[in-house]
Amino acid sequence: MQRGQVVKLDRGYPLVCTDEGAFVRCEHATALVKGEEVRAVIGDFVEVSVPEGHDKGIIERILPRSRAFVRKDPTERALPQVLAANFDRVFVAQPLSDVNVRRLERELVLAYETGAAVTVVLTKADLAESDAEVAAVRDRVCALAGPDVQTIIVSADDPASVEAVRTLVPPNTTAVLIGKSGVGKSSLVNMLVGCEMQETTPVRDRDGKGRHTTVSREMVAIPGGGFIMDMPGVRGLGLWEADTGIGAAFSDVEEVAEQCRFRDCRHEDEPGCAVRAAVEAGDISPERFASYQALRRETKDLRVRREEARRMRGEKASDRSKAPARKGGSRKKH
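Here the structure is a predicted model, which is why all the values come from computation and not from measurement. (Residues numbered from 1 in each chain as written. Predicted model: local features only at pLDDT ≥ 70, side-chain atom pairs only at ≥ 80, totals over all residues. Heavy atoms only, no water.)

Asks: Could you clarify how one ought to interpret the overall build of the protein chain in this entry?
Replies: For the protein chain, the helix and strand inventory stands at 10 helices and 13 strands. The burial tally for the protein chain puts 49% of its 334 residues in the buried class. Put simply, the protein chain shows about 17,200 Å² of open surface, and 49% of that area lies on carbon and sulfur atoms. (Helix = DSSP H or I, 4+ residues; strand = E, 2+ residues; numbered from the N terminus. Buried < 20%, exposed > 50% of the residue type's maximum accessible area, 1.4 Å probe, protein only. Areas by Shrake-Rupley, 256 points an atom, 1.4 Å probe, with all protein chains shown as cover.)

Given below as structure tokens:
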């Protein structure tokens, strides 16, 4: 039995780098996936056997994860989907000239939920019309992300901006890079590595967008640094177990909510609601408050659907905490 880490996922077969430095294309053991559909993801540490005469290694066990990036499975009503595991930082990439505020809020919630350090990277700054535009977008994103999240502006013609990102991935650390297709993730990876590691396509002059090129999840080594997980553009960002992430991403709203008259205030029409008072006073923007409420409702609705699905499967209430492990979470040692 060999121990290793999943360093690439494509064509459905994980590529594992063993502790000896060998690369082995693997499939999952039948016993691992039978009835539970457990799958190793990028960054997972695994135990692999290589049977004689077999053309692939076999992943026999997925070791416990230190962290996981999880979203709601887009193909299922109430199941989690793990996209990456065992990392130290999440980079959230958005194009400076076309920041999608609603998506950024959701990305920040998911990033915070992992427990990793979070950094916003505004890409394609060289396409901005003026320094004033750059400053305005930076200030808006900083206000949204909060004081604890560093925001870095990256430009292809500014090596110092790339170096600012590189320093956040020192040796023996791993970062996840997330963002919608066309935001410049592959170009950023290439700049960090110093060569064309990832295929890119030219951006369109009219809107600065390019065609999505990354089709696999891969851990890329940064010279003199750690690793960065280049992820394909993720369209759906359904929340899963996101209460902590929402609280961190909307810490300003949560702090005001502590002053509400009722502890279970829904911030709708209850008397003494400090949040609604802050919105009316202009201390919290109506758009931000609306996003906060929408995300809270989404997590509540998902929780209800999960309970319904659990009852339909005939599971006991004590089984609820085991659900994430069945979807590729930490495995207990035998």
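Asks: How should I be thinking about the nonpolar core in this particular structure?
Replies: Most often, soluble globular proteins keep nonpolar side chains buried together rather than apart. Residues I59 and L108 are the most contacted members of the largest nonpolar core, which totals 69 residues. It is helix α2 (residues 101–113) that provides the largest number of residues to this core, a total of 6 residues. When residues no more than four places from it in sequence are discounted, the contact partners of L108 are V92, V118, V120, L144, A145 and A249. (Core = buried A, V, L, I, M, F, W, Y, C linked by side-chain atoms within 4.5 Å. Contact = heavy atoms within 4.5 Å.)

Asks: I keep staring at helix α5 (residues 185–193) and nothing clicks. Help me out?
Replies: In an α-helix, one full turn covers 3.6 residues, which means residues spaced three or four apart are oriented alike. Burial of α5 is extensive: 7 of the 9 residues sit out of reach of the surface. Those residues of α5 hidden inside the fold are in contact with β8 (89–95), β9 (117–123), α4 (159–166), β11 (174–178), β12 (217–221) and β13 (227–230). One or two positions beyond α5, positive phi appears at G194, with a value near 90°.

Asks: Would you mind going over the side chain of T174 with me for this structure?
Replies: Structurally, T174 is set in strand β11. On the accessibility criterion, T174 (9% relative accessible area) is buried. Residues in contact with T174, not counting those within four places in the same chain, are N86, F87, D88, R89, M219, F227 and M229.

Asks: I tried to follow α2 on my own but got confused; where do I start?
Replies: For α2, which comprises 13 residues, the first-to-last C-alpha distance of 18 Å matches the rise-based estimate of 18 Å (1.5 Å per residue) to within 8%. Those residues of α2 that sit buried are R103, L104, E105, E107, L108, V109, L110, A111 and Y112. (Expected span 1.5 Å × (residues − 1).)

Asks: Any chance you could explain unusual backbone geometry here in plain terms?
Replies: What you tend to see is this: most non-glycine residues have negative phi, and most peptide bonds are trans. Positive phi values are uncommon outside glycine, yet K124 reaches one of about 60°. Residue placement: K124 occurs in the loop between β9 and α3 (131–145). Look at H267: it is not a glycine, yet its phi comes out positive at around 60°. Mapping H267 onto the fold places it in the loop between α7 (251–257) and α8 (274–280). Accessibility expressed as a relative area gives 7% for H267, which makes it buried.

Asks: Honestly, the confidence of the model for the protein chain in this entry has me stumped. Any pointers?
Replies: If pLDDT is low for a region, its predicted coordinates should not be looked at in detail. Of the residues in the protein chain, 79% have a pLDDT of 70 or more, and the chain-wide mean is 80. Element-level mean pLDDT values for the protein chain span from 39 in helix α10 (residues 323–326) up to 95 in strand β4 (residues 45–49). Long-range and interchain partners of residues 200–214, a stretch whose pLDDT sits below 50, account for 31 contacts in this model, where long-range means more than four residues apart. (pLDDT = per-residue confidence, 0-100.)

Asks: Would you mind going over the packing of aromatic side chains with me for this structure?
Replies: To describe a pair of aromatic rings, one takes the distance between the centres and the angle between the planes. Throughout the structure, instances matching the rule amount to 1 aromatic pair. A cation over a ring is seen here: K56 above Y13, with NZ or CZ 4.6 Å from the ring centre. (Phe/Tyr/Trp six-rings, centres within 6.5 Å; stacked < 30°, edge-to-face > 60°. Lys NZ or Arg CZ within 6 Å of the ring centre and 35° of its normal.)

Asks: Explain the environment of Y112 here, please?
Replies: Following the sequence through the fold, Y112 ends up in helix α2. With 135 residues separating them along the chain, Y112 and G247 place their C-alpha atoms 8.9 Å apart.

Asks: When you look at the UniProt feature "binding site: Zn(2+)" (unreviewed entry) in the protein chain in this model, what are you seeing that I'm missing?
Replies: Here, UniProt's "binding site: Zn(2+)" (unreviewed entry) annotation points to C260, C265, H267 and C273. Not counting the four nearest positions on each side in its chain, C265 is found in contact with C260, E270 and C273. (UniProt positions renumbered as here; feature names shortened; annotations may be inferred.)

Asks: Would you take a moment to explain the pairing of strand β2 (residues 13–18) for this structure?
Replies: Where a strand is regular, its side chains alternate between the two sheet faces. When strand β1 (residues 2–10) meets β2, the two strands line up antiparallel, connected through 6 bridges. Looking at the pairing, Q5 lines up with C17 of β2. Linking two consecutive strands that pair antiparallel, namely β1 and β2, is a turn of 2 residues; a positive phi of about 55° is found at R11 within it. Strand direction decides the pairing type here: β2 and strand β3 (residues 23–28), joined by 3 bridges, are antiparallel. Bridging across to β3, C17 finds its partner in F23. Connecting β2 to the antiparallel partner β3 that follows it, the hairpin turn spans 4 residues, and G21 within it adopts a positive phi of roughly 90°. (Pairing = 2+ DSSP bridges.)

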